[in-house]
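# Examination of the molecular architecture
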2 protein chains.
Amino acid sequence: MMKQGVNVMPDRNCRGRPWLHGKFKGCGYRLTMGREAILGVLSKHAGHLSAEDIYMKVHPGHPNVGLTTIYRTLDVLSNLGLVYKLDFGEGRARYELAQGPKGAHHHHHLVCTGCNKIIDYTDFIDEEVELLKETERGLSRKYDFNITNHIIQFYGLCEKCKGKK
Amino acid sequence: MMKQGVNVMPDRNCRGRPWLHGKFKGCGYRLTMGREAILGVLSKHAGHLSAEDIYMKVHPGHPNVGLTTIYRTLDVLSNLGLVYKLDFGEGRARYELAQGPKGAHHHHHLVCTGCNKIIDYTDFIDEEVELLKETERGLSRKYDFNITNHIIQFYGLCEKCKGKK
DNA sequence: CTGTTATTGGAAACCATTTTCATTATAAAA
DNA sequence: TTTTATAATGAAAATGGTTTCCAATAACAG
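Now for a quick tour of the structure. Just so you know, these numbers come straight off a predicted model, no measurement behind them. (Residues numbered from 1 in each chain as written. Chains lettered and ligands numbered in written order. Predicted model: local features only at pLDDT ≥ 70, side-chain atom pairs only at ≥ 80, totals over all residues. Heavy atoms only, no water.)

## Focus on the nonpolar core
The nonpolar side chains of a soluble globular protein tend to be buried with one another. Stated formally: Grouping buried Ala, Val, Leu, Ile, Met, Phe, Trp, Tyr and Cys residues that are joined through side-chain atoms within 4.5 Å yields what is termed a nonpolar core. The cut-offs for exposure are 20% and 50% of the maximum accessible area for each residue type, with area from a 1.4 Å probe on protein chains only; residues under the lower value are buried, those over the upper are exposed, and the others partly exposed. Labels follow the DSSP assignment, with helices taken as runs of H or I lasting at least four residues and strands as runs of E lasting at least two, numbered in each case from the N terminus. Two residues form a contact once any of their heavy atoms are found within 4.5 Å.
Residues Leu110, Phe145 and Phe154 of chain A together with Leu110, Phe145 and Phe154 of chain B are the most contacted members of the largest nonpolar core, which totals 26 residues. When contributions to this core are tallied by element, the ones reaching two or more residues are β4 (108-112), β5 (118-121), α5 (125-143) and β6 (146-157) of chain A together with β4 (108-112), β5 (118-121), α5 (125-143) and β6 (146-157) of chain B. Residues in contact with phenylalanine 154 of chain B, not counting those within four places in the same chain, are Leu132, Thr135, Glu136, Leu139, Ile147, Asn149 and His150 of chain A together with His109, Leu110, Val111, Tyr121 and Glu128 of chain B.

## Some remarks on the interface of chain A and chain B
Where we set the bar: A quick way to say it: buried area is the sum, across both parts, of accessible area lost when two parts are put together, with a 1.4 Å probe. We define a salt bridge as a contact between a side-chain nitrogen of Lys or Arg and a carboxyl oxygen of Asp or Glu at a distance within 4 Å.
At the interface, 38 residues of chain A touch 38 residues of chain B. When the two sides are added together, the surface that chain A and chain B hide from each other amounts to roughly 3,500 Å², 68% of it contributed by carbon and sulfur. Of all residues in chain A, the largest losses of buried area upon contact with chain B belong to Phe145, Phe154 and Tyr155 of chain A, amounting jointly to 19% of the total for that side. At the junction of chain A with chain B, the criterion picks out four salt bridges.

## A few points about the sheet that holds strand β1 (residues 49-50) of chain A
Residues and elements named next belong to chain A. To keep it simple, the criterion reads: Whether two strands pair depends on DSSP finding at least two bridges between them.
Pairing within the open sheet is antiparallel, and its three strands lie in the order β1-β3-β2. Edge positions in the sheet fall to β1 and β2 (83-87), since each has one partner strand and no second. Relative to strand β3 (residues 93-97), β1 runs antiparallel, the two sharing two bridges. Note on β3: the bridge partner recorded for leucine 49 is tyrosine 95.

## Quick look at the sheet that holds β6 of chain A
Rules: With axes taken as lines fitted to C-alpha atoms, and helix axes fitted only over the stretch in contact, angles between N-to-C directions fall between 0 and 180 degrees.
Pairing in this open sheet of six strands is mixed, and the strands run β5(A)-β4(A)-β6(A)-β6(B)-β4(B)-β5(B) from one edge to the other. What marks the edges here is a single partner per strand, and that holds for β5 of chain A together with β5 of chain B. Pairs of neighbouring strands in the sheet enclose a mean axial angle of 25°, with direction left out of account. Bridge analysis of β6 of chain A against β6 of chain B gives 11 bridges, and the strand direction is antiparallel. Bridged to isoleucine 151 of chain A within β6 of chain B is glutamine 153 of chain B.

## Some points on the relation of the copies chain A and chain B
Rules: A least-squares superposition brings the copies together, and it is based on the C-alpha atoms of residues with pLDDT no lower than 70 in both.
Note on the copies: chain A fits chain B at an RMSD of 0.1 Å, the axial shift is 0.0 Å, and the rotation between them is 180°. Those values place the two copies in the arrangement expected of a two-fold rotation axis. When C-alpha positions in chain A are compared against the rotation axis, the closest is assigned to isoleucine 152 of chain A, at 2.3 Å.

## Things to note about the environment of lysine 85 of chain A
Residue and element names in this part refer to chain A. Note that lysine 85 resides in strand β2. Counting along the chain gives 11 residues from lysine 85 to glutamate 96, while the straight-line C-alpha distance between them is 6.9 Å. Ignoring sequence-local partners within four residues, the contact set of lysine 85 consists of Ser78, Ala93, Arg94 and Tyr95.

This is the structure in structure tokens:
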């Protein structure tokens, strides 16, 4: 568990300036060059990046930023709710920006268990989200939970993989 | 990837054997004592067992069954669809029987990110499952996927954890 | 019973992630 | 600007769940 100095990691309700960097500062975090670079990579390459992917993209411009910092920053971002930590069962986590400043489209994932190809789908999202909200409300009440997040993923074989045995 | 057993023959229920064991043999796998013990533990303790949990429960009666065998067996069972491999973000996988012979009740999970408590809920399941089926159909058609499984999980803080800072 | 080969245990390897710790850099105070 | 407190950092080492290796063993068919 990351433990930094006096202040415990703030929660997702932190308010700050408009976008990522501002949000970051607004939550009491120092904005270092390494972190700026990481935030930059995340906002530029919307995808499902592993910690190492990010490291590789940050490295050329900032050879002195280590993998450790990538992990630490992602942990912070994830706790702030700015980044989703995804698990596609590959034995490594992947990360993606929760939302752009203008509210990027919400999507869920369709994962091929054969080749690990991942499809972001937005179809059916509206119905799903609506049902999820209802379910969330119900669960919150019944189990006295404060629900902050959900996962929906479908697994199967893509056209290429379902052919072979 | 584990590769064993030549034939992928469907269930030919083995006489006098419990459902799970029969299914196992029916698929061309040898039924060893270690595997019997593991199947036994899985059917007796419905829960979210980690590989080590299972090891601990198997060990007293079968001190010669190693952790490696637990992992290998779980992998086979998971590939057969008899067991679900679950991930609650603890850094270790957990496993539970997919279904009893008479079709145990389907459930989804509600996970406390504070204390890792996990609640199996069946409320709302019907609506969820119905929507999932539809979505599944749609996704299968649109992306030419052969969907075999899905995940739905809600994350949040339980009554105990949401109080503390 | 015998032969074939799936299965096994134990140790070592693997590898993403975390921890340690001495050093550095950031932001605020003076 | 300079000082000051301490958050943040990198490099290396540690961690820990899972997998691989390989020689020995045991299921099962014939």
